[in-house]
Amino acid sequence: MSSHRFAIGQHVRMSNRFSLSPDTAKIYHITATLPARDNSLQYRIRNDDERHDRVTTEDSLEEIKVQQASGDAAHD
């Protein structure tokens, strides 16, 4: 069995292979890695503007780079 390509906390976008709605173009982050189903690894993903998680397969995700805001409070 292969390992998951994406890590928990990583930012992703759902690929538009199947003419998904514009809503799925949002940025999501991985909240959990799930076991494979039908030989395809799965993930639980979440967008901060939504009140629910989604479950999707690895082949429907694409990696994105997210820039952090310069006014980050991490310097406290």
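Attention in this report is confined to the structure presented alongside it. (Residues numbered from 1 in each chain as written. Predicted model: local features only at pLDDT ≥ 70, side-chain atom pairs only at ≥ 80, totals over all residues. Heavy atoms only, no water.)

Before going further, it helps to examine the overall build of the chain. Along its length, the chain carries zero helices and five strands. Taken from the N to the C terminus, the helices and strands of the chain come in the order β-β-β-β-β. Taking all 76 residues of the chain together, 29% fall into the buried category. Long-range contacts, defined here as pairs at least 24 residues apart, represent 42% of the contacts in the chain between residues at least 6 apart. (Helix = DSSP H or I, 4+ residues; strand = E, 2+ residues; numbered from the N terminus. Buried < 20%, exposed > 50% of the residue type's maximum accessible area, 1.4 Å probe, protein only. Contact = heavy atoms within 4.5 Å.)

Attention now moves to the side chain of Asn 47. Structurally, the position occupied by Asn 47 is in the loop between strand 3 (40–46) and strand 4 (53–57). Classification of Asn 47 by relative accessible area gives buried; the value is 5%. There is a polar contact of 2.7 Å between the side chain of Asn 47 and the backbone nitrogen of Asp 49. Ignoring sequence-local partners within four residues, the contact set of Asn 47 consists of Lys 26, Ile 27 and Tyr 28. (Polar contact = N/O pair within 3.5 Å; in protein donor to acceptor, adjacent residues only side chain to side chain.)

On to the environment of Gly 9, then. With respect to the element layout, Gly 9 can be found in the segment before strand 1 (11–14). For Gly 9 and Ile 30, which are 21 residues apart along the polypeptide, the C-alpha to C-alpha distance reads 5.0 Å. Sequence-distant contacts of Gly 9, that is, excluding residues within four places in its chain, are made with His 29 and Ile 30.

The subject of this paragraph is the environment of Glu 63. Assignment of secondary structure puts Glu 63 in strand 5 (residues 61–63). Exposure remark for Glu 63: the relative accessible area of 40% places this residue in the partly exposed category. Here the alpha-carbon distance between Glu 63 and Val 12, two residues 51 residues apart in the chain, equals 4.7 Å. Apart from residues no more than four positions distant in its own chain, Glu 63 is found in contact with Phe 6, Gln 10 and His 11.

The next subject is unusual backbone geometry. Unlike most non-glycine residues, Asp 38 shows phi in positive territory, near 55°. Inspection of the secondary structure puts Asp 38 in the loop between strand 2 (27–37) and strand 3. The phi dihedral of Asn 39 falls on the positive side, at around 65°, and the residue is not glycine. With respect to the secondary-structure elements, Asn 39 resides in the loop between strand 2 and strand 3.

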